[in-house]
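Inside the fold
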Number of protein chains: 2
Amino acid sequence: MDDKNISQAVISRLPRYLRYLGELKDSNVERISSQELSQLMNVTASQIRQDFNNFGGFGQQGYGYKVNFLYDEIAKILGINKTHHLIIVGAGNLGQALANYMNFERRGFHFTGIFDRNEALYGKKIRDMYVQPMENLETFVKDNDIDIAVLTIPKDGAVKVADKLVRCGVKAFWNFAHVDLNVPDDIVVENVHLSDSLMKLTYNITRKEQENDI
Amino acid sequence: MDDKNISQAVISRLPRYLRYLGELKDSNVERISSQELSQLMNVTASQIRQDFNNFGGFGQQGYGYKVNFLYDEIAKILGINKTHHLIIVGAGNLGQALANYMNFERRGFHFTGIFDRNEALYGKKIRDMYVQPMENLETFVKDNDIDIAVLTIPKDGAVKVADKLVRCGVKAFWNFAHVDLNVPDDIVVENVHLSDSLMKLTYNITRKEQENDI
DNA sequence: TCTTGATTGACAAGTATTTAACAAATGCAT
DNA sequence: ATGCATTTGTTAAATACTTGTCAATCAAGA
């Protein structure tokens, strides 16, 4: 597996490949050509081959790709063959929803702690965790080998909390707060800005309406 | 406002501009140059000007951009100057979390109904709505001028429900189900695949680790 | 009113991404 | 075994996106 720098465009497509390959695996399909996969996924075969080749050849000429092998390789590339330990900061509706979503757990994402500044929530049981006060953050992170912090707090607090967590050694943020974190270069941030997503949706609604009016 | 086809790359950046402009507005900043904004947002000034010019010139040479005007124009482009009526299909944790998130409401997104197939939830009050059985979907959508359906159901049901909703006249989906909807051309879909996002995160964690090992 | 400095809009140059095309490699039928 | 059909990996072409540059324009001060 070469490691030049692969564009984020390619990376963004990998989870989708993984999903389709998972389904094929479940249907006991053993092999698939880029042509077939392209029809299934509604992309060009060329793009599929190009994407896979970023990581070295996974296929065989005249044969195609072995579904199982390809699936495992992509999973490895995405880093989901390992176990990750997460904490959730912000035990509001969204934080609780994520905590309860079992599919993450299945993929090796272990939610190990959940925190909130609202006293009323302290001790509340969410799945198998009890909501802890923010004061516990530092110790907990250090003691529990936490990879990823999920930020589901309002934007006002987010930047400060992120700074604090960086100092505690957290290497990655899954950021649902509607603000840009400002973290050092070696820290990974993946933003999920839901309202941005919703605005893209309304843009496209308006555009389609205009198209149809013409 | 010209209407060639603007790339989704540009559209994806608009909500972020809007956010920063909103903050400037709140701080009573009246004017800003692409230069200043670029420093604030950590992008190139050229990109900012290019982006805005897709929609016709919003600025003035020698002066810059009027924050208020620019904000309003972008809001208009994004279609958030209008009111939208949404239903949530799937009253699980995520559906409830979205229903309770007040910021959407402020932006003109009105959640008007919430549905689930789980009888145990029927009648449960979520914000100012009561969970309804799926059987009510069709009538409700037709009677309430629904724009957008939010799908927060497991993937198995999603495709079928989407088909049904298309037949009822829903024009847009905000899709949290981990599956690709297959809808006609004139229907808008915005996917929020949370697990994909999480995988991108772990990819980048692994990559950074490797970089640092070298 | 004129001049100066600032700043956009437009265009050109530079990158990056996507698609097409095809030779080389392989499986499979005969 | 042999040859044909298939399908990859790779290179080239096409397209899309981003950045740099600068003339035209405007605000503001003299």
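Just so it is clear, the model here is predicted, and its values are computed rather than measured.

Structural notes on the overall build of chain A
- A tally of helices and strands in chain A yields nine helices and eleven strands.
- The C-alpha extent of chain A, read off along each of the three principal axes, is 60 × 50 × 35 Å.
- When each of the 214 residues of chain A is scored for burial, the buried share is 51%.
- Counting only contacts in chain A whose residues sit at least 6 apart along the sequence, the fraction spanning at least 24 positions is 56%.
- Carbon and sulfur atoms make up 44% of the accessible area of chain A, which amounts to about 10,600 Å² in all.
- Taken together, the 25 basic and 28 acidic charged side chains of chain A have centroids lying 3 Å from each other.

Some details on the domain arrangement of chain A
- The assigned domain composition of chain A is domain 1 (3-78) and domain 2 (84-195).
- On a C-alpha basis, the centres of domain 1 of chain A and domain 2 of chain A stand 32 Å from each other.

Some remarks on the sheet that holds strand 2 (residues 59-60) of chain A
All names here are of chain A.
- On the basis of which strands lie adjacent, the open sheet formed by three strands has the order 1-3-2 and antiparallel pairing. Bordering the open sheet on either side are strand 1 (31-32) and strand 2, each of which pairs with just one other strand.
- Set on the sheet, helix 4 (residues 67-78) makes contact with strand 1 and strand 3 (64-66); between it and strand 3 the angle comes to about 70 degrees.

Structural notes on the protein's contact with DNA strand D
- As a structural note, the neighbourhood of DNA strand D is formed by 26 residues, with A:Ser34, A:Gln61, B:Ser46, B:Gln50 and B:Gln61 the closest of them.
- A:Gly62 has a polar backbone atom sitting 3.1 Å from a sugar or linking oxygen of DNA strand D.
- When contributions to the surface near DNA strand D are tallied by element, the ones reaching two or more residues are helix 3 (45-53), strand 2 and strand 3 of chain A together with helix 3 (45-53) of chain B.
- Among the elements that take part in the surface near DNA strand D, helix 3 of chain B stands out by supplying four residues, more than any other.
- Residue composition of the surface near DNA strand D, grouped by class: four nonpolar, 18 polar and four charged.

A closer look at the protein's contact with DNA strand C
- Inspection of the region around DNA strand C gives 25 residues, with A:Ser46, A:Gln50, A:Gln61, B:Ser34 and B:Gln61 positioned closest.
- For DNA strand C, the backbone makes up 61% of the atoms found within 4 Å of the protein, where backbone means sugar plus phosphate.
- A distance of 2.9 Å separates a base oxygen of DNA strand C from a polar atom in the side chain of B:Arg49.
- Separating a base nitrogen of DNA strand C from a side-chain N or O atom of B:Gln50 is a distance of 3.2 Å.
- Looking at the surface near DNA strand C, the elements that each hand over two or more residues are helix 3 of chain A together with helix 3 of chain B.
- The biggest single contributor to the surface near DNA strand C is helix 3 of chain A, with four residues.
- Residues that form the surface near DNA strand C fall into these classes: four nonpolar, 17 polar and four charged.

Thresholds applied
- Residues numbered from 1 in each chain as written.
- Chains lettered and ligands numbered in written order.
- Predicted model: local features only at pLDDT ≥ 70, side-chain atom pairs only at ≥ 80, totals over all residues.
- Heavy atoms only, no water.
- Helix = DSSP H or I, 4+ residues; strand = E, 2+ residues; numbered from the N terminus.
- Buried < 20%, exposed > 50% of the residue type's maximum accessible area, 1.4 Å probe, protein only.
- Contact = heavy atoms within 4.5 Å.
- Areas by Shrake-Rupley, 256 points an atom, 1.4 Å probe, with all protein chains shown as cover.
- Lys, Arg positive; Asp, Glu negative; His and termini not counted.
- Charge placed at Lys NZ, Arg CZ, Asp CG, Glu CD.
- Domains from an automatic or database assignment.
- Pairing = 2+ DSSP bridges.
- Axes fitted to C-alpha atoms, helices over the stretch in contact; angles between N-to-C directions.
- Near = heavy atom within 4 Å.
- Polar contact = N/O pair within 3.5 Å; in protein donor to acceptor, adjacent residues only side chain to side chain.
- Nonpolar A, V, L, I, M, F, W, Y, C, P; charged D, E, K, R; others polar.

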